[in-house]
Amino acid sequence: MSNDAFAISEPFEPTALDEQTELRTLARALEFAQGFKLLFARCNQRDQRLRIVNALRKRIPQFTVQEIHFDEPIDHLLDALRERLVQPPPDVVFVSGLEYSLPTAADAHETPFVASLNAARNSFPQILPCPLVLWMPEYVLAAIMRGAPDFFSIRSGVYYFAATPRETAAFAESLTAGEEWQAANLTFAEKQERIGAIENLIADYYALPSAHRNNRAEAHLLKRLGNLYWTLGGWTKAERCYQQSLKFYRQFDDRAGEGRLLNNLGEVYRRQRRWEEAEQCHRQSLKIKRDVGDRIGEGIALGNLGSIYSGQKQWAKAEQWGGESGGELSG
């Protein structure tokens, strides 16, 4: 990943290999493993994980594999594995569903679950006499890297599986279906969940070869992500999302989309009392919306300009441009 807004895997930059290469490398690691080995498999989408696990099992038919999926939060991974491990122990253990124990990406690295991994790291070989493969989305991997460095340090490998273009496109459509959706209508927990899902999806786009990336889908997701951060008061993150999305819309020569992004970026600046930047964005947005005949968008831009002047107590200008109305995003 090269984009600073979503380069959440801080300790190192993964090299995106093709799926078959990663599968082959992971299968070989399991075949040569003796005793306990800790392996991480980064995989953002459930259907993709199920497909890859099935393909991996076909590559190692000589091994007994126990799959453990957690569909609710757990406090301690080691204790949970101790309770569920079959006897005699299998040759390999696959674990998934750790995201339920880290429901939000923002503070995932500070949770008790992550801290417990550090404390128990030396006890895993005593409970598991075989390789342990932890399947997880990117934000969970990043949280463990940040919050449980001692546990992460005993790894034998990290494997990155980027979704295929078709899988990524399908997931993107499911996340952003329905233009009538508004971020403000979601609960706080739903917003955090949606943020994590969109960030993971964008990470999958970055991992694809440039020829397979859908820049229009990326631009749309970045705008949606910015809207979510905006509703949570995450102005810096919202600004980054809008700026990146704006670059795409300008590349597409999509004037209507550019006008909407300029409006939203102006609102981020206004909330930070960056008046000059906010005014510049809203004036540019107003011009574009008039050029494309977007009367509703024109009204929003006028109201937002009025809000800028109200915020600076320039009452005459505020009344001229829209009174104290405004403060609206453009979708």
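In the block above lies the structure referred to throughout.
> Sorry if this is basic, but what is going on with the packing of helix α4 (residues 112-120) against helix α6 (residues 138-147) here?
Relative orientation and spacing of two packed helices are given, respectively, by the angle between their axes and the distance between those axes. Following both chains from N to C, one finds α4 and α6 inclined at 55°, their axes separated by 9 Å at the closest point. Taken together, the axes of α4 and α6 are oblique relative to one another. Crossing of α4 over α6 shows right-handed handedness. Every residue of α6 that contacts α4 at Val114, Leu117 and Asn118 is listed here: Ala143, Ile144 and Gly147.

> So what exactly am I meant to see when it comes to unusual backbone geometry here?
With glycine set apart, most residues show a phi of negative sign, and most peptide bonds adopt trans. The omega angle of the peptide bond from Gln87 to Pro88 is -5°, so this bond is cis rather than trans. Of note, Pro88 is situated in the loop between α3 (77-84) and β3 (92-96). For Asp253, which is not glycine, the phi dihedral falls at a positive 60°. Positive phi, close to 60°, is recorded for Arg273, a residue that is not glycine. Tracing the backbone through its elements, the reader meets Arg273 in the loop between α12 (255-271) and α13 (275-291).

> What exactly am I supposed to notice about the pairing of β3 here?
Side-chain direction in a regular strand flips from residue to residue, so the side chains alternate between the two faces of the sheet. Burial runs high along β3: five of the five residues are buried. Residues Val92, Phe94 and Ser96 point to one face of β3 and Val93 and Val95 to the other, with burial holding for every one of them. In terms of strand pairing, strand β2 (residues 65-69) meets β3 through five bridges, oriented parallel. Residue pairing in the sheet places His69 in a bridge with Ser96 of β3.

> Honestly, the pattern of salt bridges in this entry has me stumped. Any pointers?
When the charged atoms of two side chains with opposite charge come close together, those side chains can pair. Per the counting criterion, the structure on display carries 15 salt bridges. The residue Arg274 makes a salt bridge to Glu239 at a minimum N-O spacing of 3.1 Å. One end of the pair, Arg274, is in the loop between α12 and α13; the other, Glu239, is in helix α11 (residues 235-252), with 35 residues separating them in the sequence. Assessed through its relative accessible area of 24%, Arg274 is described here as partly exposed.

How each quantity is defined
- Residues numbered from 1 in each chain as written.
- Predicted model: local features only at pLDDT ≥ 70, side-chain atom pairs only at ≥ 80, totals over all residues.
- Heavy atoms only, no water.
- Axes fitted to C-alpha atoms, helices over the stretch in contact; angles between N-to-C directions.
- Helix = DSSP H or I, 4+ residues; strand = E, 2+ residues; numbered from the N terminus.
- Parallel < 35°, antiparallel > 145°, perpendicular 65-115°, else oblique.
- Left-handed = near helix turned anticlockwise from the far one by under 90°.
- Contact = heavy atoms within 4.5 Å.
- Buried < 20%, exposed > 50% of the residue type's maximum accessible area, 1.4 Å probe, protein only.
- Pairing = 2+ DSSP bridges.
- Salt bridge = Lys/Arg side-chain N within 4 Å of Asp/Glu carboxyl O.

The analysis is restricted to geometry; functional conclusions fall outside its scope.
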